[in-house]
Amino acid sequence: MRIMHFIGLFIVTTATLGWAQINLIQDANFSQHSADQQMPADYSVNGDAHYRYLADSHRAVAESGVTFESGLASNSLALRHGSVSQEVTAMNTTQGRWFRFSFRGLPQDNFSVEGNNLFIQVEYLAGSKFYDGKIKRIYDLVQQQRRDLATNGDSHHGGAATWHTYQLDFMLPDPTIDRVRLSVKFDHGNASTTNQSQFFVTDFSLIHIDGPTLETVGDTTATANRPANLIPIGGRWFYKPDPQHPTVPAIFNYTNADRLIYHDNAWSAPFAGCMTSYLRAGNKTLDGTIASHDQFVPDNVTVSFDSTSMIIHTKGLPNHPTGKFPQEGFGNPNYIQEQSATYYIPLNPKENPSHKVTAQDNSNHALNMGPIGIAVNGVVFFNPFDASSMDASNFMDFCCGHPNPDGLYHYHKYPICINSPWADEGKTHSPLIGWAFDGFPIYGPYVRDGVLAKDATGTDALNDFNMHSDPDRGWHYQVTPGKFPYIIGGYWGTPDARDIGPRFRGPPPDGGMDGPPGPPPFGFGPP
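First, a word on what this report is: a plain description of the structure on this page. (Residues numbered from 1 in each chain as written. Predicted model: local features only at pLDDT ≥ 70, side-chain atom pairs only at ≥ 80, totals over all residues. Heavy atoms only, no water.)

Let us look at the packing of aromatic side chains. Summed over all chains, the structure comprises 32 aromatic pairs. Centre to centre, the rings of Y343 and F437 are 5.2 Å apart; their planes meet at 20°, and the pair counts as stacked. One end of the pair, Y343, is in strand 23 (residues 341-346); the other, F437, is in the loop between strand 28 (432-436) and strand 29 (441-443), with 94 residues separating them in the sequence. For Y343, a relative accessible area of 8% corresponds to the buried category. Through successive ring pairs, a cluster of aromatic residues spans F68, F103, F111, Y139, Y166, F186 and F199. It is R473 that lies over the ring of Y443; its NZ or CZ is 5.7 Å from the centre. (Phe/Tyr/Trp six-rings, centres within 6.5 Å; stacked < 30°, edge-to-face > 60°. Helix = DSSP H or I, 4+ residues; strand = E, 2+ residues; numbered from the N terminus. Buried < 20%, exposed > 50% of the residue type's maximum accessible area, 1.4 Å probe, protein only. Lys NZ or Arg CZ within 6 Å of the ring centre and 35° of its normal.)

Now for unusual backbone geometry. Of note, the bond from F325 into P326 is cis; its omega dihedral lies within 30 degrees of zero at -5°. Considering the arrangement of structural elements, one finds P326 in the loop between strand 22 (322-323) and strand 23. The amide bond that connects F484 to the next residue, P485, takes the cis arrangement and shows omega of 10°. Along the chain, P485 turns up in the loop between strand 33 (474-478) and helix 2 (497-505).

Now for the side chain of D470. Tracing the chain through its elements places D470 in strand 32 (residues 467-470). Of note is the side chain of D470, whose polar atom sits 3.0 Å from the backbone nitrogen of D472. If we ignore the near neighbours within four places in the chain, the residues touching D470 are H429 and H476. (Polar contact = N/O pair within 3.5 Å; in protein donor to acceptor, adjacent residues only side chain to side chain. Contact = heavy atoms within 4.5 Å.)

Once that is clear, we can look at the nonpolar core. If you look at the biggest cluster of nonpolar residues, it comprises 67 residues, and the most contacted ones within it are F271, V303, M310, W435, I442, Y477 and I488. In terms of residue count, strand 28 provides more of this core than any other element does, 4 residues in total. I25, V142, V201 and L206 belong to the second largest nonpolar core, which has 38 residues in total. (Core = buried A, V, L, I, M, F, W, Y, C linked by side-chain atoms within 4.5 Å.)

Two side chains bearing opposite charge may form a pair once their charged atoms approach each other closely. All told, the structure shown has 14 salt bridges when counted by the stated rule. In this structure, the salt-bridge partner of R179 is D178, at a minimum N-O distance of 3.5 Å. A salt bridge links D299 to K315, with the shortest nitrogen-to-oxygen separation between them at 3.1 Å. Of the two residues, D299 is situated in the loop between strand 19 (295-297) and strand 20 (301-305) and K315 in the loop between strand 21 (309-314) and strand 22; the sequence distance between them amounts to 16 residues. Each of E87, E123, D178, R179 and R181 takes part in one network of salt bridges that share partners. (Salt bridge = Lys/Arg side-chain N within 4 Å of Asp/Glu carboxyl O.)

Let us look at the pairing of strand 12 (residues 179-189). Taken together, the 9 bridges between strand 7 (residues 80-89) and strand 12 define a ladder with antiparallel strand orientation. Bridge pairing in strand 12 links E87 to R181. Of the pairings in the sheet, the one linking strand 9 (residues 118-126) to strand 12 comprises 8 bridges and is antiparallel in character. Bridge pairing in strand 12 links V122 to L182. (Pairing = 2+ DSSP bridges.)

Interpretation note: all reported values are geometric properties and have no functional meaning in isolation.
As structure tokens, this is what we get:
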């Protein structure tokens, strides 16, 4: 049984300015189970919900969890329903009464319910009393993701059939409440087939958060309206001290990532929950040995600063489910391998007046081969091309990544799984997901409520670099699911030469940075 918790081992943090938080869920990634392996420990599973490993073990690396079966059997007219829940006791309100319940979910292409009958629920309990609760319905969100992200998938379909983070924020209405029941439920399942008709649930999380009235919204000066105790580091970065750690540390890692604060339209900790990972059984270690068991890697990402740069050291191990590589008999022949790489992100990026947009056939080599930027989880971005200067975006796993011949796992397009620990519901501007090597930030796909940046017009429209500017973020890139160039269309600024070295500057050699991907199906997902 695999034991993986891709959000982090012990510490999960708020996405707003807050403090490090313990996940209050028992067995967050469903790795513990009954003796007959039919039920997860610490959870209740009912109806048409079933405990299982959430992938074809020959094709994907995922986690254990619960599946909701919405497909109607040929001899049944009864609509499907089911749930998975956990009761959390001894709720401690000394840090406040606001909490965030989140989970990771994957809707298969044929999962279907009548109405909006897929939902997250919290029920408030105190002794023998029931204090009602709060429900958030999310099937309409699944449908929105299917519409907006379909072209982010393999061969421009199925882009929403991947892992997403869903969340519900709530406040305990009474201080006497001592426990809550957290559930994910579905009802009125009505898929016309049992094939690809499941919704997968894993990675429960319950953490304290700052109440929404406490979130501080800033402006483009990156100084006005900030909490008085923040210490400037450089650019848009600040340090939030505490009595035990009053000065800026030399290194940021998973133990203090919540105190490394980025300022755009809000004050947030983008590395929080993203710096740890696992070296999984079947992947390669740094020296090329194939790992025989899963190994927790607490220092997958570390960050430091000098006067001009944010310095990110990464082992390059994705902190989310992946395809199983190499893929025997078809697809990608490469292993995912541990790396040891350091990248330098300029703190004060500036437009390069000589910048150029990448040609759709890569003929002008405006973007180097190999890494062109880095996500907050330490996985690098590549340009849109494979070694033959063909579009590489169609041969990804269900988190939109794959390894190259050097074992370097990377993204050619919007990596949906990077949303964890944030839930991008398309209601506001998408969150920060990383940086290009010229120092300019890269954000997710939405520019405002219901509007994808790739479809925006007027002052919100993207230029050919996938770049635009607004008062809160300044100049920034936004990803364009299903639309070339997917991540960035060229460097708007000047990349740090240390990031793209001689090996990556010119046309790729034979074999290139991305070897032949092989024909689809690019086996990576749940059955």
